[in-house]
Structure formats: C-alpha cells, structure tokens
Amino acid sequence: MQNQFLRFLLWRMVQFLPVVAMATLTIFSLIQLVPGDPAATIAGEYATAENIEAIRHSLGLDRPLWEQYGIWLWNAAQGDLSNSLLSGLPVMDEVLRRLPSTLTIAVLALCIAVIVGVPLGVLAATRADTMLDRLVTGIASLGVAVPNFWLGMILVSIFALGFGWFPTTGARPISEDFWGALHHAALPAATLATGGIAEIARQLRSSLIEVLQSQYVRTLRAKGLPNYLILWKHGLRNAALTLLTVIGLVFNHMLGATVATEAVFAISGTGSMIVNAAINKDFPVVQGAVFVLVLIVIVMNLIIDLFYSLLDPRVKKG
Amino acid sequence: MKKPWRGIPWTGETMTTRTSDPMAKPPQPLLDVRGLGITFSGPGSLVPVVRDVSLTVAAGESVGLVGESGCGKTVTGLALMGLLPFRTSRFDGQILLDGENLLELSERQWRKRRGRRIGMIFQEPMTALDPVFTIGAQIGETLRTHFRIGRSEARERAIEALAQVGIPDPATRHDAYPHELSGGMRQRAMIAMTISCEPALLIADEPTTALDVTVQAQIMDVLGELSARSGMAMLFISHDLGLVSQTCSRIVTMYAGEVVESRAADDVLCRPRHPYTSGLLRSLPSFTPRKGRLPSIPGRVPRPAEFPNGCRFEGRCPHAQQQCSARQQLQPLRDGGFARCWRSEELSLPGVLS
Ligand SMILES: Nc1ncnc2c1ncn2[C@@H]1O[C@H](COP(=O)(O)OP(=O)(O)O)[C@@H](O)[C@H]1O
Ligand code: SF4
Ligand SMILES: [Mg+2]
C-alpha cells in the first residue's frame, strides 16, 4: 500500500517533466520576440559595436537559440537557474527573495475564495431556482467577468484611500511580521479572490445540485436520513471531488493573475519581477521565475491528486 | 388543502387474499391507500399523473403492482414514501400506515417512519448507493438513524443483514465500496440496508429489472425468503406480471395512473376481469404455449397530459364500446376484488391458467 503510493507519487512527478520543459521553452521562444538587445543595454549608450559583441559573447548570446535554451535547461535541471543578464546576480536568490510576497497573496486569496465561495455555492444549491440562488449566481457571473486590475483599483480607492483600513501598496515579509504581512496582503488577495469565489460558488452549486438530484440521495432520503446529514455529509463529500478540481484550477489561475495584481499594488513579488525582466529581455530571470511558478503549480496539482485519491475510492492508486 | 376521498364507497373490507380461510380478514391492513391522487405542478400547468389509486397491504402480505412503463407505479411508490417533491406535488386521498394518514404528517414525523416502518429499494442498484462510502458505512448509518446504538453494534448488525441477503463473506463486503461489487451484489446490499431496520413494509420498485436473468431469479428468492421468514409485507412493483405472480398473493394492475384491477393473484391469472390485465398476461413469453409472435397490446400508454376523459384504456381496448367514453369507476366484483371496466362481469377474458 505505502509502496504503491510512493510509486504513484513518483509517476505523477515524471509525468509533469514534459510540462516544465514545454512551459519554459514557450517562454524562451516568446522572449525572443521582445524587441531590444540585452548586450546593448548592458554596454550602455556610448558602446562600440565590438564592445557589444564582446558582451554578447561572454553572455553566450551569440550561440544558436536552441543551444542557449539547452544550456539553460541543463543547468536548471541541476538546480542552477543561471544569473541575470543585467545584474549578474543568481536568479534563484532573487526568485526566493520575492516568492514569499507572491505566495502570501495567492494562498490568502485561495483561502478567501474557499471560505466565501463554498457557503455561497451550498446556499445557492439548496435554494436552487429561488431569488437567493439567482442573486448568488448573478453576482458570481459578475465576479468572473470583472477584470482584476480594475477591481483592485476600486478596492484601493474605497478601503485604502477612503476608509484607510488597509495600506494602499507594498508588502511585508511574512517571516518577520505575520499579521503585518496579512494586513498588507488583504486587499491584493481580495482582488485576486473574486474570480475564484465566483468560480467555486458556481461550480459547487451545479455539482451539488447534480448530487442532490442523484439516485443515491433519493436512497438516503428513503432511509430516513435527516436533511443536514444528506447535505453536509453525503452531498458535500461527493461534490468535494469537483470542488478539488476547481480549487486546483483557481489556484493556477491566481498565480498567473498575481502579475497584474502586483503591478496595481506595487508589490515586488515574482509577478513584477517577470514583467520587468521581460521588458529588458532578461530571459534567464523570466524563465527562472516561470520555472519556479510552474513547479509550484505542479506541486499544488499533486496535492490535489493526493486528496482526490483519498476522497474518491474509485480512483485507482498506482 | 385535501379533498375528501371520492372514489368508490369504501366498504372497509380488504380484498380477497390467497389464504386457506376465505373468511380471514385482518382487522386493519398495514397499508391502506384510499383514493390517492398525485398532481405535479409545473410552470403554469397542473399534470394529474395518478388518480384514484386504492390498494391495501396486510401485515406480512406480498402485493404486486403491475403495469407497463409510464403507468405511474414508481410515482405511486415514491408517494407512499413521501419522496416526491412537496413543493411541486399535490396529493388527494389518504395513505394510511398503521391507521395513520401519512399525508398529514410533518416532514419530520414522516422521516421517522421512512426507512423504519416502510422501506424502499429501487431499480438501479448501480446508482442507488453513495459511491464514496462503504456498503457497511451506509447500512450502519441507516441503523444509527433509527436506533440508539454504538458503532460496533451497528457494524455487527450490518454484517448480519448482509449475511441475511446471502452475500458471501459479509464481514469483508461490509468494508467494500459499491463499485467493487457486481450489480446483483449491490442490489443485495441495497436490500440488506433496507431490511436492517426491519421495516413492516418493503416497497420494491422493479428490483430486478436492471439485472440479468440468473441474478434476477436469485434476487427474487432473497426477497421471497425475507418476507416469509421475517413476516415483512411487500409491495412489489414490476412491469412483468409473470414475475409478480410468482411472489405475490394479490395483484393490483395500474393503467395510465389509475388502478384498473385489484384481485387475488390466482384469480387474475385464470380469469382477468379487465381487458388491460388480460392483454398484459397474453403478452408474457413464459405463459404463451405456442411459438411465434407474442400478441402484444397495440399502441402505447397515453401521457398524463393526453389522458382521455372516459376509460383511459379505450384507445387500445379490443372490447371498447360507446359507453366506454364515460368515466369508469373501480367496481367491486362478484367473485371478489375490483375492476375499472363496466363490462368486466360480462366479458370472458382469456387468462393464462385454467
Ligand atoms: N417529477 C415528475 N414530473 C412530471 N411528471 C412525472 C414526474 N415523474 C414521473 N412523471 C410522469 O408520471 C408518469 C408515470 O411515471 P412512473 O411512475 O415513472 O411510471 P412507471 O414507474 O409505471 O413506469 C409518466 O408519464 C411520467 O412522465
Ligand atoms: S371500459 Fe370499455 S374500453 Fe375500457 S377496458 Fe372496459 S371495455 Fe375496454
Ligand atoms: Mg418505474
């Protein structure tokens, strides 16, 4: 059993390797489309052509593209994310320095989305086709449609500028000042959470409605089981399978959306790091950051899979 | 608001049973359905699906409820369990269980009887059990809903119930998930769950229809044994009159939402009194001696919205006459039982036994 489980884990890891390679290759190719030349940027305004050429050579930028990518991938596989073209500093250090702020908002946003989205979904499902249901569903569609940055600005103008309850910008390191970090992360996380709340509420509602109309719920009622047990024990337990999938997707989406949110709230997380590096065509930095984010997504998906196999006896392990 | 029951004047008599003593009359049947009507309300429409259904089941008795698909058997069964959506269903008549009108109970009171006094098993064993809980957990949960017992006692009694329905190695199967069992085993588990609380009445809605023939026979044996051994009464719902006649002492035939015939099983098989029952009997493969095409009833069951005002079988009945377009009442018959056909006494309809 335990052995089987480890094999299952290992197998899932191996399955994800191509995903990592694909993601970084795509990023690498896209960066080539960005105008500009890092070597010229480093050399400065008054550099000669030879100067630039020398810098390009020292950075390895004169090699064929596939070779540049190959070297990067080889190093990354060994845990070395190379150095920034511009600052020359190790990318890994920079990513690790900025990651906590990004993760703080993303994880907080996920918690908010689950804590608010689940009761809303349950409420809408148990009151299906009533005014309340239509209200929740309506707000949910709105939540999906509203752009994050726009909502972020509105939240800032109301709760930060208006009431002064939250800081407008910036972040605190969560390792030093836990509550301060949460306080700073609250607005950006709330911004990030709206889409997730809406998605979780909507999906949970439809999944729960399906479960509650199922044959086995009719059996439960025929047994004389009280309604609260039918809803909270059997209903939620079965709908949790869908919920898990949705939570995984929502988290992936949130990690991506941190790029825009960090820009609005001037947070120096990995999102803003990627944006700045992309503008300067500093591909090791972009790729390094994306690489780490993809790893996080993969780990998250693994955790979801684990939960899934725990919750659903029909999932075969191994 | 409930309308008073306006069917045939109730005589207080129960219908004839296949007992050696024809005078034996239980003072009060376990289940006594009087003039049950069920109307579904849709958006802007009322659909009367079932009308004037009267039937009784005495304690320990097995009664069959037959009719083609779409005749309202399942809806009737669900109504007896209080499982139809209360918001969109309207009921007429009475459902008396132990002399108590279930239709007047609150949902909470009804729930106490559901699963305890009256249980139901369904057609689809593949989907009728919760896929993410073990068989044993689902049986134990039922027991603990109705009895104040601990986990270990619930486990013991669940294993006992599994053994009673003939599941081999019940202690192991107790911890199996539904998907790990075959269809027949699941239906057995479903039966075990329902009988674990020893209900006085079991409603079995096409319990074998989804299973293959050999398994079908085994499940029928299990049900037969259970009712014989524990004295549990059964309302056996099926489209298959042949199957019903094997286990039930009385047969109630439904057509298009109405009871059309209600008599002792032997009487029905020898001399059906309603042309619909006769048609059903003659289309049974097991009773037709000659090879060749089975004489099936032409046409199909009308949908609730298209029910005719007169005899609902008129469009398909080979004996139809002018008077048949008047509404037919369930009439007591001279030789016992009831039929909803004004010609029932004069017609000599073919059965399958003589
Ligand atoms: N929830 C419902 N709403 C409206 N009509 C229904 C509903 N359930 C069943 N019916 C109708 O009631 C009739 C009887 O159905 P049913 O009881 O399932 O028949 P049977 O079990 O005899 O095959 C059918 O015409 C069906 O369309
Ligand atoms: S009332 Fe007429 S149509 Fe209806 S079953 Fe009797 S004979 Fe046939
Ligand atoms: Mg049915």
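Structure shown above.
This write-up is about the structure you can find in this document.

1. Overview of the interface of chain A and chain B
So, step 1. Each partner contributes to the interface: chain A provides 20 residues, whereas chain B provides 25 residues.
So, step 2. For chain A, the biggest contributors to the area lost against chain B are Arg218, Arg221 and Lys223 of chain A; these three give 27% of the whole.
So, step 3. The interface formed by chain A and chain B includes two salt bridges.
So, step 4. Here lysine 233 of chain A makes a salt bridge to glutamate 141 of chain B, at a shortest N to O gap of 2.7 Å.
So, step 5. For the side of chain A that touches chain B, the secondary structure elements donating two or more residues are α9 (215-222) and α10 (227-264) of chain A.
So, step 6. A total of seven residues in the side of chain A that touches chain B trace back to one element, the largest contributor, which is α9 of chain A.
So, step 7. In the side of chain A that touches chain B, the residues fall into eight nonpolar, five polar and seven charged.

2. Quick look at the packing of helix α5 (residues 91-126) of chain A against helix α8 (residues 178-212) of chain A
All names here are of chain A.
So, step 1. Across the interface, α5 lies against α8 with an axial gap of 5 Å and an inter-helix angle of 35 degrees. The crossing of α5 and α8 is right-handed.
So, step 2. Its residues assigned to classes, the contact of α5 with α8 shows 27 nonpolar, four polar and one charged.

3. With respect to the site of ligand 1
All names here are of chain B.
So, step 1. Within the structure, ligand 1 sits among Phe40, Val49, Glu68, Ser69, Gly70, Cys71, Gly72, Lys73, Thr74, Val75 and Pro304.
So, step 2. In this structure, an oxygen atom belonging to ligand 1 sits 3.2 Å away from a main-chain N or O atom of cysteine 71.
So, step 3. The contact in question runs from an oxygen atom of ligand 1 to an N or O atom on the backbone of glycine 72, over 3.1 Å.
So, step 4. For ligand 1, the accessible surface in isolation is 560 Å², of which the surrounding protein chains cover 61%.
So, step 5. Broken down by element, the shell around ligand 1 gets its largest block of residues, three residues, from helix α1 (residues 73-81).
So, step 6. Looking at side-chain class alone, the shell around ligand 1 contains five nonpolar, four polar and two charged residues.

4. Here's the deal with empty space enclosed by the protein
So, step 1. Summed over the entire model, instances satisfying the criterion amount to five cavities of 30 Å³ or more.
So, step 2. Each pocket or cavity is described by its volume, and for the largest cavity that value is around 90 Å³.
So, step 3. Taken together, 13 residues make up the lining of the largest cavity; nearest its centre are Pro275, Cys311, Cys317, Cys324 and Cys341 of chain B.
So, step 4. Considering only residue class, the lining of the largest cavity consists of eight nonpolar, three polar and two charged.
So, step 5. There is about 70 Å³ of room inside the second largest cavity.
So, step 6. What lines the second largest cavity is Thr219, Ala222 and Lys223 of chain A together with Gly115, Gly119, Met120, Thr142, Met190, Met193 and Thr194 of chain B.
So, step 7. Elements supplying a minimum of two residues to the lining of the second largest cavity: α9 of chain A together with β6 (118-121) and α6 (183-195) of chain B.
So, step 8. Considering each element in turn, the lining of the second largest cavity owes the most residues, three residues, to α6 of chain B.
So, step 9. Here the residues of the lining of the second largest cavity sort into four nonpolar, five polar and one charged.

5. Some words on the packing of aromatic side chains
So, step 1. Across all of its chains, the model carries 10 aromatic pairs over all chains by this definition.
So, step 2. With centroids separated by 6.3 Å and ring planes inclined at 25 degrees, the aromatic side chains of tyrosine 69 of chain A and tryptophan 72 of chain A adopt a geometry described as stacked. In this pair, tyrosine 69 of chain A and tryptophan 72 of chain A are both assigned in helix α4 (residues 65-77), three residues apart and thus about one turn of the helix distant. Each of the two residues, tyrosine 69 of chain A as well as tryptophan 72 of chain A, counts as buried.
So, step 3. Ring plane angle 55 degrees and centroid distance 4.4 Å describe the contact between tyrosine 255 of chain B and tyrosine 276 of chain B, whose orientation is recorded as tilted. With tyrosine 255 of chain B in strand β9 (residues 250-255) and tyrosine 276 of chain B in helix α10 (residues 275-282), this residue pair connects regions lying 21 residues apart in the sequence.
So, step 4. Under the relative-accessibility criterion, tyrosine 255 of chain B is labelled buried at 1%.
So, step 5. You can call tyrosine 276 of chain B buried: its relative accessible area is 0%.
So, step 6. Among the aromatic residues, ring-to-ring pairing joins Phe28, Tyr69, Trp72, Phe283 and Phe291 of chain A into one connected group.
So, step 7. The ring of phenylalanine 133 of chain B has arginine 237 of chain A sitting right over it, with the charged end atom 5.5 Å from the ring centre.
So, step 8. A cation over an aromatic ring shows up here: arginine 157 of chain B above the ring of phenylalanine 147 of chain B, its NZ or CZ 4.7 Å from the ring centre.

Scoring rules and cut-offs
Residues numbered from 1 in each chain as written. Chains lettered and ligands numbered in written order. Predicted model: local features only at pLDDT ≥ 70, side-chain atom pairs only at ≥ 80, totals over all residues. Heavy atoms only, no water. Contact = heavy atoms within 4.5 Å. Buried area = accessible area lost by both parts, 1.4 Å probe. Salt bridge = Lys/Arg side-chain N within 4 Å of Asp/Glu carboxyl O. Helix = DSSP H or I, 4+ residues; strand = E, 2+ residues; numbered from the N terminus. Nonpolar A, V, L, I, M, F, W, Y, C, P; charged D, E, K, R; others polar. Axes fitted to C-alpha atoms, helices over the stretch in contact; angles between N-to-C directions. Left-handed = near helix turned anticlockwise from the far one by under 90°. Near = heavy atom within 4 Å. Polar contact = N/O pair within 3.5 Å; in protein donor to acceptor, adjacent residues only side chain to side chain. Areas by Shrake-Rupley, 256 points an atom, 1.4 Å probe, with all protein chains shown as cover. 1 Å grid on protein atoms, 1.4 Å probe; cavity = no way out; pocket = protein on both sides within 12 Å on 5 of 7 lines; lining within 4 Å. Points joined across faces, edges and corners; volume = space filled by probe spheres on them. Phe/Tyr/Trp six-rings, centres within 6.5 Å; stacked < 30°, edge-to-face > 60°. Buried < 20%, exposed > 50% of the residue type's maximum accessible area, 1.4 Å probe, protein only. Lys NZ or Arg CZ within 6 Å of the ring centre and 35° of its normal.

In short, the description is geometric, and any link to function would need to be established separately.
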